[in-house]
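Notes for the structure review
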Amino acid sequence: MMNLSRRLALAAALALPLSAPAFAQTQITIQHPLPLNSHYGAGATALKEAFERASAGRYNVVIQRNDNEREAIESVQIGTIECVITSTGPVGNFVAETRNLDVPFLFRDTAHARGVLDSEIGQTMLGRFSARGLTGVVWMENGFRHLTNSRREVNTPADVRGLKVRTMENQVHMRAFSTLGALPTPMAFSELVPALQQGTVDGQENPIPVIVANNLNQVQRFLTLTGHVYSPAILICNPAMLARMSAADRAAFMEAAKAGAAANRARVTSDEQSGVEELRRRGMTVVTQVDAGAFQTALAAAFTEYERTLDGALLRRIREWRAN
């Protein structure tokens, strides 16, 4: 018969967890507003894999969806979550200088946009986040934004007049659409599909990867490739979280963030190449030939306002930027 001391020892052993971890993990939560199978998901996943590998599993990166970007940024600011990947749409409410990036027809093409953000211009802008209790880690992207609606084909600026268009909570975007004669209706992305289903708004504007990932073709019939605004995205993190890391872990996290940005941009490139045909296949009517000059002429009053209310010198530096 087993003596008392042996029985107690056996009971203690059985009470232990079957797979106790060899070390404590630190959890980092990254929120973003899109499905996992999206360009944001690709960026977050690449960051997760790179950082968990570099830290030998001491960090566990958890990816969550949160459709309310402004709410997620506020959560990072107060430290209830660690990081967010967000479009710049709501970021201007926190770091005003980023509003300059949302000006229509500011960037010639994707190479121009990526080059500016990776240059001293974009890196200086990332430095502005610290004054607002945030850390701007790395630029990602959504791509160029295009217009969809449920009422009619849009071929010219005049066709936009009277459309109720959901925009982000962003005064730069709202000014552009009101100048075109639309009725801009700002709302969180989480409210968009119900608003389109109920007819609260007629249309919306987003890059092809966002339209595809969220199946907006189910509630929108017409797509026009206006390319009216390049939409950057950004990884923002809580500075206290980064400060708690060792210097080596912080450097590894920054490298993992760069890997995330590369994966995000690669997915945007892929989605933009295949997305238009996919949306046609799903039944959307697509207008591909757009007179960008006509839209820029129609936005002349808005451009004057941007020069007055934003940083005119910075806008000129961005327009004139060329790769060395």
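Note that the coordinates shown come from a computational prediction; the quantities given were computed from them, not determined experimentally.

Next up on the list: the overall build of the protein. Each helix and strand in the protein was counted, giving 13 helices and 9 strands. Expressed as lengths along the three principal axes of its C-alpha atoms, the size of the protein is roughly 95 × 40 × 30 Å. For the protein, the proportion of its 324 residues judged to be buried stands at 52%. At a minimum sequence separation of 6, the contacts of the protein that also span at least 24 residues come to 74%. When the accessible surface of the protein is summed, it comes to about 14,500 Å², and 52% of that surface belongs to carbon and sulfur atoms. Within the protein, the 30 negative side-chain charges are centred at a point lying 4 Å from the centre of the 33 positive side-chain charges.

The next thing to look at is the packing of helix H4 (residues 110-118) against helix H10 (residues 247-281). Interaxial distance between H4 and H10 falls to 13 Å at its minimum, and their mutual angle equals 165 degrees. One element, H4, and the other, H10, form an angle in the roughly antiparallel class. Like other packed secondary-structure pairs, H4 and H10 cross with a definite hand, here right-handed. Touching Thr110, Arg114, Leu117 and Asp118 of H4 are Arg265, Thr269 and Glu272, all from H10. Within the contact of H4 with H10, the residues separate by chemical class into 1 nonpolar, 2 polar and 4 charged.

With that settled, the discussion passes to the nonpolar core. Looking at soluble globular proteins, one finds that nonpolar side chains tend to be buried together. Formed by 45 residues in total, the largest nonpolar core has its most connected members in Val103, Phe107, Val160, Ile236, Tyr306 and Ile318. For this core, the secondary structure elements donating two or more residues are helix H3 (69-78), H4, helix H5 (120-127), strand E4 (135-149), helix H6 (171-179), strand E8 (222-237), helix H12 (300-309) and helix H13 (312-320). Beyond its immediate sequence surroundings of up to four residues, Phe107 is in contact with Leu101, His112, Ala113, Val116, Phe144, Tyr230 and Ile318. Core analysis: the next-biggest nonpolar cluster, separate from the first, contains 44 residues, Phe189, Val210, Met241 and Ala257 among them.

Here we take up the environment of Ala24. You can see Ala24 is positioned in the loop between helix H1 (4-15) and strand E1 (26-32). Given the relative accessible area of 70%, Ala24 is considered exposed. Along the primary structure Ala24 and Phe177 are separated by 153 residues, whereas in three dimensions their C-alpha atoms are 51 Å apart.

All right, on to the pairing of E4 then. Across the 15 residues that make up E4, a large majority, 15, are buried. Alignment of E4 against E8, held across 12 bridges, turns out to be antiparallel. Across the sheet, the residue bridging to Leu147 is Thr224, located in E8. Relative to strand E7 (residues 203-207), E4 runs antiparallel, the two sharing 5 bridges. Bridge pairing links Thr148 to Gln204 in E7.

What counts and how
Residues numbered from 1 in each chain as written. Predicted model: local features only at pLDDT ≥ 70, side-chain atom pairs only at ≥ 80, totals over all residues. Heavy atoms only, no water. Helix = DSSP H or I, 4+ residues; strand = E, 2+ residues; numbered from the N terminus. Buried < 20%, exposed > 50% of the residue type's maximum accessible area, 1.4 Å probe, protein only. Contact = heavy atoms within 4.5 Å. Areas by Shrake-Rupley, 256 points an atom, 1.4 Å probe, with all protein chains shown as cover. Lys, Arg positive; Asp, Glu negative; His and termini not counted. Charge placed at Lys NZ, Arg CZ, Asp CG, Glu CD. Axes fitted to C-alpha atoms, helices over the stretch in contact; angles between N-to-C directions. Parallel < 35°, antiparallel > 145°, perpendicular 65-115°, else oblique. Left-handed = near helix turned anticlockwise from the far one by under 90°. Nonpolar A, V, L, I, M, F, W, Y, C, P; charged D, E, K, R; others polar. Core = buried A, V, L, I, M, F, W, Y, C linked by side-chain atoms within 4.5 Å. Pairing = 2+ DSSP bridges.

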